[in-house]
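Fold and geometry: a report
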Amino acid sequence: MKRIVIFLVIVAFSILLIKPNPIYGYQNEKIPVPVLMYHHLENNVNNNTIISPENFENQIKTLKEKGYNSITAQELYDYLNGKKKLPKNPVLITFDDGYLSNYEKAYPILKKYKMHAEIFVITSHILEKSGKNVRPNEIPKMNWDQLKEMKDYITIQSHTWNSHSKLQSFSGGMKGAIYGRSYIKGNLEKQEEYEERVKKDLLLSRKIIKEKLGYEPIALSYPFGTNSEDAMRLAKDVGFKMAFVIKNKGVNMGDNVFALSRITVNGNETGAELIKKLKNDGT
């Protein structure tokens, strides 16, 4: 009996010595998950869509130092569906469009601090090989070989095949091309024409990513952050599991997975200011 008691005491003491791994810590479901949105990196330029490499590194370094753990879109999706616990202080880092600067400037920084990110690419704009862009006056984009090279810290998602533009909407004004029925060459589309156009675009985006990278994207970011009931339904119909808008707040359990919010990161923000912004949102 005495030996059993001693054994139990040793086991209990050993359990107390085991330190929990923060990577698998419990994520409070009441705390929003921040999804950060970046675009292009350029030296000495900082605004709502461009950030300098120096400021980007300061932000990423500060996130790391403050205990934020980068997650993937798949992990966020699994969490929202009750299939996975997230690490403590999770953050999803995203980029839109597919700029060459993501490869040349952002990727080395992410790799240095072991932080994962997702890049939503306009797939028709991604180059087959290094060289000049097909489209004149466009900020240089990456090629497929570069996207493959970044697979250790980057996952590629969709920003449509070639619908990153605005069209005259049936509801008035210029809206994102996948928002709803639009005027094409002066004529308003029928509902079935609109759906065929958007489905063709989204399916082609998914197809090319699968062919080039070997996996199907699960997430879509709506061009210009504008969506609609139709756009959400069509995104789901073609196989996406989630999609993102821009509401500048964190993602909460119970949110519509086809209207998940992202937070616009200002290039002028220091790492400390970014952390403060996230804290003010409850993250």
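These lines cover the structure that appears in this document, whether it is placed above or below. (Residues numbered from 1 in each chain as written. Predicted model: local features only at pLDDT ≥ 70, side-chain atom pairs only at ≥ 80, totals over all residues. Heavy atoms only, no water.)

1. A short note on the nonpolar core
Among the nonpolar cores identified, the biggest contains 38 residues, and Phe 56 and Phe 95 are the most heavily contacted of them. Examining the composition of this core, we find that 6 residues originate from one element, helix α4 (residues 100–112), more than from any other. Within the second largest apolar cluster, 34 residues are counted, among which are Leu 86, Tyr 194, Ala 219 and Ala 231. (Core = buried A, V, L, I, M, F, W, Y, C linked by side-chain atoms within 4.5 Å. Buried < 20%, exposed > 50% of the residue type's maximum accessible area, 1.4 Å probe, protein only. Helix = DSSP H or I, 4+ residues; strand = E, 2+ residues; numbered from the N terminus.)

2. Here we look at the environment of Thr 72
In this structure, Thr 72 sits in the loop between β4 (69–70) and α3 (73–80). Separated by 83 residues in sequence, Thr 72 and Thr 155 place their C-alpha atoms 7.7 Å apart. Apart from the residues lying within four places of it in its own chain, the contact partners of Thr 72 are Leu 92, His 116 and Glu 118. (Contact = heavy atoms within 4.5 Å.)

3. Overview of the pairing of strand β5 (residues 90–97)
Most of β5 sits inside the fold, with 8 of its 8 residues counted as buried. Note that the unit made of β4, α3 and β5 has a crossover that is right-handed. Across 4 bridges, the pairing between β5 and strand β6 (residues 117–121) is parallel. Bridge assignment links Asp 96 to a residue of β6, and that residue is Phe 120. Following the backbone out of β5, through α4 and into the adjacent parallel β6, one traces a crossover that is right-handed. (Right-handed = clockwise from strand over helix to strand, strands pointing away. Pairing = 2+ DSSP bridges.)

In short, geometric facts, not functional conclusions.
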